[in-house]
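Chains, contacts and geometry: an overview
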Amino acid sequence: MGVTVFISHASQTGPEARRLAEALTRLGLKVWLDERDFQPGDRWGQSMQDALDEADAYVVLVRGGEDPGEWLRTEWKEAARRTALRPEKKILPVVIGDGPLPPYLRLWQRILMESDVAQTALLISEAIDAPGTNETPTDSPAMRPVVESWRRRLEQIEKSAEAMRPEVERVK
């Protein structure tokens, strides 16, 4: 399979996330869904980081008007970091119901998830395959210096973390 989709969701949207994962899989996409893809003995943090690294697109599933919680915000931040470094990766907010998106997702065009999950999956698939880049406000000329600064800082952080890895392993 080609494209990998990471589905980020809160526990209260688990049933919708499962149905969406099944519909995306039927369309030929490889889907990562926490409750299905975590294996016994996996370290959640590392398994999630690996899945985020491998993903080509990030579906952030939220119920309109609800606070999805800290874990979903953490996954979104990690997805946003990866799209800043690799703009061909896409963040696709999918909202269930009519309420507003959380503030941190309002920079991306959302997809409304209605009762027809197959149609929602098709819209996601089309968005992933759409030509062009992952246009976000960070692509504007005014934001380029800021984004470049983020990228440099993220690279520094990643190098520091890598340098610390032997010490962390030794302490374990």
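Heads up: the structure comes first, above all this text.
Computed from a predicted model, the values in this text were never measured in an experiment.

Right, let's talk about the side chain of S125 for a bit. The topology assignment puts S125 in helix α5 (residues 117-129). Taking relative accessible area as the criterion, S125 reaches 13% and is therefore assigned buried. Discounting chain neighbours no more than four positions away, the residues touching S125 are L27 and L29.

The strands making up a sheet associate through backbone hydrogen bonding, with each pair oriented either parallel or antiparallel. Read from one edge to the other, the open sheet built from five strands follows the order β2-β1-β3-β4-β5, with strand pairing classed as parallel. The sheet is open, and its two borders are formed by β2 (30-33) and β5 (111-113), each paired with just one other strand. Ignoring which end each strand starts from, the neighbouring axes of this sheet average 25° apart. Set on the sheet, helix α1 (residues 14-26) makes contact with β1 (4-9), β2, β3 (57-63), β4 (90-96) and β5; between it and β1 the angle comes to about 170°. Against the sheet, helix α4 (residues 70-85) makes contact with β1, β3 and β4, and its axis sits at roughly 150° relative to β3, the strand it touches most.

Moving on to the nonpolar core. Soluble, globular proteins show a tendency: their nonpolar side chains are buried together. Core analysis: the largest hydrophobic core is formed by 22 residues, its most contacted members being I7, L20, L24, V59 and I124. The set of elements that each furnish at least two residues to this core consists of β1, α1, β2, β3, β4, β5 and α5. Among the elements that take part in this core, α1 stands out by supplying five residues, more than any other. Excluding anything up to four places from it in sequence, I124 contacts L20, L24, V59, L92, V94 and I111. Counting residues in hydrophobic clusters, the runner-up holds 19 residues, among them F6, Y58, L72 and I91.

All right, on to α1 then. Here α1 contains 13 residues, and its C-alpha end-to-end distance of 18 Å stays within 8% of the 18 Å for a straight helix at 1.5 Å per residue. All of the buried residues in α1 are G14, E16, A17, L20, A21, A23 and L24. G28 lies just past α1 and shows a positive phi near 95°.

Moving on, we get to the pairing of β3. By the criterion of burial, β3 is predominantly enclosed, with six of the seven residues buried. Where β1 meets β3, five bridges bridge the pair, whose relative direction is parallel. From the neighbouring strand, V5 faces β3, where its bridge partner is A57. As defined by bridge partners, β3 adjoins β4 across seven bridges and the pair is classed as parallel. Within β4, the position partnered with V62 by the bridge is V95. As for the winding sense of the linkage, the β-α-β connection from β3 through α4 to β4 is right-handed.

Another aspect to go through is the pattern of salt bridges. Throughout the structure, instances matching the rule amount to 10 salt bridges. E78 serves as the salt-bridge partner of R81, at 3.5 Å between the closest nitrogen and oxygen. Taken together, the residues R81 and E78, both in helix α4 and three residues apart, mark about one turn of the helix. The pair formed by R81 and E78 is uniform in burial state, with each residue classed as buried. Across the pair R170 and E167 runs a salt bridge whose closest N-O atoms are separated by 2.5 Å. Here R170 pairs with E167, and both are found in helix α6 (residues 144-171), just three residues apart, close to one helical turn. For R170, a relative accessible area of 60% gives the class exposed. Three or more residues are tied together by salt bridges with common partners; here these are D53, E78, R81, R82 and E158.

Cut-offs and rules
- Residue positions within a chain follow its written sequence, with the count starting from 1.
- Local features in this predicted model are restricted to residues of pLDDT 70 or higher, and side-chain atom pairs are both shown and tallied only at a pLDDT of 80 or more, whereas totals for entire chains, interfaces and linings draw on every residue.
- To get the side-chain values, all heavy atoms of the structure are used, and hydrogens and water are removed first.
- Counting from the N terminus, the helices are the DSSP runs of H or I reaching at least four residues and the strands are the DSSP runs of E reaching at least two.
- The buried label applies to any residue whose accessible area, calculated with a 1.4 Å probe on protein chains only, is under 20% of its type's maximum; exposed applies above 50%, and partly exposed to all values in between.
- A contact between two residues is defined here by any heavy atoms of the two lying within 4.5 Å.
- At least two DSSP bridges between two strands are needed for those strands to be called paired.
- To obtain each axis, a line is fitted to C-alpha atoms, and for helices this fit is confined to the stretch in contact; angles are then taken between N-to-C directions over 0 to 180 degrees.
- Only buried residues count toward a nonpolar core, which is a set of Ala, Val, Leu, Ile, Met, Phe, Trp, Tyr and Cys residues joined through side-chain atoms within 4.5 Å.
- The span expected for a helix works out to 1.5 Å for each residue beyond the first.
- When the strands point away from the viewer, a crossover counts as right-handed if the path from the first strand over the helix to the second runs clockwise.
- For this document, the term salt bridge refers to a Lys or Arg side-chain nitrogen within 4 Å of an Asp or Glu carboxyl oxygen.

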